[in-house]
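Tertiary structure, described
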Amino acid sequence: MEIQERASLGWTAVVITTIFLVIVSGLILYPQITIENVLTVLRFSSLTTALPFLLVFAAKPLVTLNIFRDLGQWLQTNRRYLWLILTISHLLHLYQIVLYYQLGKSCPFLVWVLTTPLWLIMVLYSVVELMKPQIFDQLNKNSANRKLNIVYQLGNWYIWLIFTLAFGLGTLAKSLLFYNIPALILFLACAIAYCMTWWGVIRK
């Protein structure tokens, strides 16, 4: 009963978050689709993708810290829902990019080359979470196949790299510093904490 109740709460969160994302995106684009509000909604969906990913990424190092252990365990328990939320958010982001193209704008080819693997990784991880979440449970417990664990970690770190580059380049360009600087600091801090768990610096 407890497991079913927890799952029900998780799916409710996914549904509510999806409705929220769609409504806010629609309000930003209302009453007319222009370059300015498309760029605004793209930034919004980027943020709503980055935040749940950061929570997934930070779960493992948080578990190793006594003060944040409960939070880290909660994030690991709800990992599948966070993956689904960030993937749905990024699919909305893709639709908004289509709107951007329809207004006669385009993205550099290099951006597509770098971000296409990101889309594929997110969708793949979400499918695994839907179909067989036990695989990622074993990975988080370090009891899975070593090669599979390496592939999983590479996917996580690739997503981290793309977001960090985006926030870093935005900071260098002095664009939306109130948004890019805190995001960059958080992503770098999580990466440092993650590496410290590997090196055994953080102890339970």
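The structure displayed is predicted, hence computed values, not measured ones. (Residues numbered from 1 in each chain as written. Predicted model: local features only at pLDDT ≥ 70, side-chain atom pairs only at ≥ 80, totals over all residues. Heavy atoms only, no water.)

1. Let's talk about a nonpolar patch on the surface
On the surface, Trp 11, Leu 91, Leu 94, Val 123, Val 127, Leu 130 and Met 131 cluster together into a nonpolar patch covering about 620 Å² of accessible area. Counting only elements with at least two residues in the nonpolar patch, the list comes to helix 4 (79-102) and helix 5 (109-131). The leading source of residues in the nonpolar patch is helix 5, at 4 residues. Topologically, Leu 130 is positioned in helix 5. (Patch = residues over 30% accessible without salt bridge, like charges linked within 9 Å, V, L, I, M, F, W, Y side chains within 5 Å. Areas by Shrake-Rupley, 256 points an atom, 1.4 Å probe, with all protein chains shown as cover. Salt bridge = Lys/Arg side-chain N within 4 Å of Asp/Glu carboxyl O. Helix = DSSP H or I, 4+ residues; strand = E, 2+ residues; numbered from the N terminus.)

2. Observations regarding the pattern of salt bridges
In a structure, side chains of opposite charge can pair up when their charged atoms sit close to one another. Counted by the stated rule, this structure contains 1 salt bridge. Here Arg 79 and Glu 129 are joined by a salt bridge, their closest N and O atoms 2.4 Å apart. On the criterion of sequence distance, the pair formed by Arg 79 in helix 4 and Glu 129 in helix 5 is long-range, its members being 50 residues apart. Each member of the pair, Arg 79 as well as Glu 129, carries the same accessibility label: buried. (Buried < 20%, exposed > 50% of the residue type's maximum accessible area, 1.4 Å probe, protein only.)

3. What to know about the confidence of the model for the protein
The predicted coordinates of low-pLDDT regions are not to be read in fine detail. For the protein, per-residue confidence averages 87 on the pLDDT scale, and 91% of positions sit at 70 or higher. For residues 1-8, every residue scores under 50 in pLDDT, and the model assigns this stretch 3 contacts once sequence neighbours within four places are set aside. (pLDDT = per-residue confidence, 0-100. Contact = heavy atoms within 4.5 Å.)

4. Some points on unusual backbone geometry
Residue Pro 31 is reached from Tyr 30 by a cis peptide bond, and omega for that bond is 0°. One can find Pro 31 in the loop between helix 1 (2-29) and helix 2 (35-63). For Lys 174, which is not glycine, the phi torsion reads 55° and is therefore positive. Take Lys 174: it is sitting in the loop between helix 7 (146-172) and helix 8 (177-199). Positive phi, normally seen in glycine, also occurs at Leu 176, with a value near 45°. You can see Leu 176 is positioned in the loop between helix 7 and helix 8.

5. Some words on the packing of aromatic side chains
The way to describe two aromatic rings as a pair is by their centre distance and the angle between their planes. Enumeration according to the criterion identifies 19 aromatic pairs in this entry. Centre to centre, the rings of Phe 53 and Phe 187 are 6.3 Å apart; their planes meet at 25°, and the pair counts as stacked. Separated by 134 residues along the polypeptide, Phe 53 in helix 2 and Phe 187 in helix 8 bring together distant segments of the chain. Here Phe 53 falls in the buried class, since its relative accessible area comes to 0%. A relative accessible area of 2% places Phe 187 in the buried class. Between Phe 163 and Phe 167, the ring centres sit 6.2 Å apart and the planes meet at 15°, which makes this aromatic pair stacked. (Phe/Tyr/Trp six-rings, centres within 6.5 Å; stacked < 30°, edge-to-face > 60°.)

6. Looking at the nonpolar core
In this structure, Phe 53, Trp 83, Ile 159, Phe 163, Phe 167 and Phe 187 are the most contacted members of the largest nonpolar core, which totals 34 residues. Those elements that place two or more of their residues in this core are helix 2, helix 4, helix 5, helix 6 (134-140), helix 7 and helix 8. Once residues lying within four places of it in the same chain are set aside, the contact partners of Phe 53 are Trp 83, Leu 86, Asn 156, Ile 159, Trp 160, Phe 163 and Phe 187. The next biggest cluster of nonpolar side chains, apart from the first, holds 8 residues, and it includes Leu 29, Val 41, Ile 97 and Trp 119. (Core = buried A, V, L, I, M, F, W, Y, C linked by side-chain atoms within 4.5 Å.)

7. A short note on the packing of helix 7 against helix 8
Two elements in contact, helix 7 and helix 8, have axes whose closest approach is 8 Å; the angle formed by their N-to-C orientations is 145°. Taken as a pair, helix 7 and helix 8 cross one another with a handedness that is left-handed. Along the contact surface, helix 7 presents Gln 153, Trp 157, Trp 160, Phe 163, Thr 164, Ala 166, Phe 167, Gly 168, Gly 170 and Thr 171, while helix 8 presents Leu 177, Tyr 179, Asn 180, Ile 181, Ala 183, Leu 184, Phe 187, Leu 188, Ala 191, Tyr 194, Cys 195 and Trp 198. Among the residues forming the contact of helix 7 with helix 8, the class breakdown is 16 nonpolar, 6 polar and no charged. (Axes fitted to C-alpha atoms, helices over the stretch in contact; angles between N-to-C directions. Left-handed = near helix turned anticlockwise from the far one by under 90°. Nonpolar A, V, L, I, M, F, W, Y, C, P; charged D, E, K, R; others polar.)

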